[in-house]
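Below, each chain spelled out in residue letters.
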Amino acid sequence: MNHQDLTQHTVASLSALIRKKELSPVELTKATLDRIAEIDVKLNAFVTVMTSEAMKAAKAAEKAIMDGTYIGPYHGIPVGIKDLYYTKGVPTTASSKVLADFVPDYDATVVAKLKSAGAVIIGKTHTHEFAYGYVTPTTRNPWDTQRIPGGSSGGSGAAVAASLCAAATGSDTGGSIRVPAAMNGTVGLKPTFGRVSKYGVIVLSWSLDHVGPITRTVEDAALMMNAIAGFDPRDADAVDVPVPNFAQALYKSMTKLKIGIPKEHF
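Keep in mind it's a predicted model, so treat the numbers as computed, not measured.

A. The arrangement of the packing of aromatic side chains in detail. For the structure shown, the criterion picks out 3 aromatic pairs. When the ring of Tyr86 is compared with that of Phe102, the centres are 5.2 Å apart and the planes differ by 65 degrees; the resulting orientation is edge-to-face. Linking Tyr86 in the loop between β2 (78-82) and α4 (109-116) with Phe102 in the loop between β2 and α4, this pair joins segments that are 16 residues apart in sequence. Since its relative accessible area comes to 17%, Tyr86 is described here as buried. Here Tyr86 and Tyr106 contribute two aromatic rings whose centre-to-centre distance is 5.2 Å and whose plane-to-plane angle is 50 degrees, an arrangement assigned as tilted. With a gap of 20 residues between them, Tyr86 in the loop between β2 and α4 and Tyr106 in the loop between β2 and α4 connect regions that are remote in the sequence. Tyr106 gets classed as partly exposed once you look at its relative accessible area, which sits at 30%. Among the aromatic residues, those joined into a ring-pair cluster are Tyr86, Phe102, Tyr106 and Tyr199.

B. Seen up close, the packing of α4 against helix α7 (residues 218-228). Packing of α4 against α7 leaves a shortest axis separation of 8 Å and a crossing angle of 105 degrees. In terms of axis orientation, α4 runs roughly perpendicular to α7. Taking contact as the criterion, the partners of Val110, Lys113 and Leu114 in α4 are, on α7, Met224, Ala227 and Ile228.

C. Focus on the layout of surface pockets. By volume, the largest pocket is sized at about 300 Å³. Lining the largest pocket, in full, are Gly188, Leu189, Val218, Ala221, Ala222, Met225, Phe246, Ala249, Leu250, Lys252 and Met254. With 4 residues, the top contributor of residues to the lining of the largest pocket is α7. Taken together, the residues that form the lining of the largest pocket break down as 9 nonpolar, 1 polar and 1 charged.

D. Seen up close, the nonpolar core. Ranked by size, the top nonpolar core spans 41 residues in total, and within it Tyr74, Ile77, Val79, Tyr85, Leu114 and Ile228 carry the most contacts. For this core, the secondary-structure elements that each account for two or more residues are α1 (11-19), β2, α4 and α7. In terms of residues, this core owes the most to one element, α7, which gives 6 residues. Here Ile77 is in contact with Val11, Leu14, Ser15, Ile18, Leu28, Gly118, Ala119, Val120 and Ala166, once residues within four sequence places are set aside. Core analysis: the second largest hydrophobic core is formed by 21 residues, Val26, Leu43, Phe46 and Ala54 among them.

E. Just the pattern of salt bridges, in detail. Enumeration over the complete set of coordinates arrives at 7 salt bridges. In this structure, Lys115 engages Asp107 in a salt bridge whose closest nitrogen and oxygen atoms are separated by 2.9 Å. By relative accessible area, which is 40% here, Lys115 ends up partly exposed. Given a relative accessible area of 16%, Asp107 falls into the buried group. Of the charged contacts in the structure, one is a salt bridge between Asp172 and Arg178, with a shortest N-O distance of 2.9 Å.

F. A look at the packing of helix α2 (residues 25-43) against helix α3 (residues 51-66). Running from N to C, α2 and α3 cross one another at 155 degrees; their axes reach a closest spacing of 8 Å. In terms of orientation, α2 and α3 fall into the roughly antiparallel class. When you trace α2 past α3, the crossing you get is right-handed. For the pair α2 and α3, contact is made by Pro25, Val26, Thr29, Lys30 and Leu33 and by Thr51, Ala54, Met55, Ala58, Lys59, Ala61, Glu62 and Ile65, respectively.

Thresholds applied
Residues numbered from 1 in each chain as written. Predicted model: local features only at pLDDT ≥ 70, side-chain atom pairs only at ≥ 80, totals over all residues. Heavy atoms only, no water. Phe/Tyr/Trp six-rings, centres within 6.5 Å; stacked < 30°, edge-to-face > 60°. Helix = DSSP H or I, 4+ residues; strand = E, 2+ residues; numbered from the N terminus. Buried < 20%, exposed > 50% of the residue type's maximum accessible area, 1.4 Å probe, protein only. Axes fitted to C-alpha atoms, helices over the stretch in contact; angles between N-to-C directions. Parallel < 35°, antiparallel > 145°, perpendicular 65-115°, else oblique. Contact = heavy atoms within 4.5 Å. 1 Å grid on protein atoms, 1.4 Å probe; cavity = no way out; pocket = protein on both sides within 12 Å on 5 of 7 lines; lining within 4 Å. Points joined across faces, edges and corners; volume = space filled by probe spheres on them. Nonpolar A, V, L, I, M, F, W, Y, C, P; charged D, E, K, R; others polar. Core = buried A, V, L, I, M, F, W, Y, C linked by side-chain atoms within 4.5 Å. Salt bridge = Lys/Arg side-chain N within 4 Å of Asp/Glu carboxyl O. Left-handed = near helix turned anticlockwise from the far one by under 90°.

Structural data, given as structure tokens:
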């Protein structure tokens, strides 16, 4: 697949090709890395591109799939990780000089779950120092490089919008998933508090932070939620409740859906 074709593909469509063995995770990962090399010089969405780690994971995914072990929709899919999430053996800086040399010795729960789902971690995306603010310094909006991508998950929003990865993770205290999703034309979900573990994620506020997906479509976000949601005893705020199949909910009727509107703001 030509790397320019990635702009037309979602996680759901890529995973269908991978499942049918019509697309190799190695081919997809190489194409994604080529696209990053070509475009990210203008956008600066990534702090760290994990080339060797990504190719190793892609080869492992390819072998597993060829051997008949297909895990699920994120198997072999390139995913960007906001640089607040611990990644074992790879710097996690929170875009701060204070943590410039910090290399975790374990993965955040969400990163570990994505790896277990077969995802290929392609790199770490820009935030701004400890996720405080809306500008995401140095990262540009792919629709107009004279404009900002929003924040604090601006690197993830820009990377997904520019097809530098098929999906990415973000975190949200007061808009840090939702703002870059809106500014980059992507889908961002701030999950219910406690639904997704914050363990191994550098937080701005323990009582207000949520971690969740930034994707191209609602379906892709639902598929990531299937992979990352669930109780984690290492997160004091995690809620021990059953995890539904979020993707199945996409096909339910919305006739009884209720939307709350805070009247004082309108």
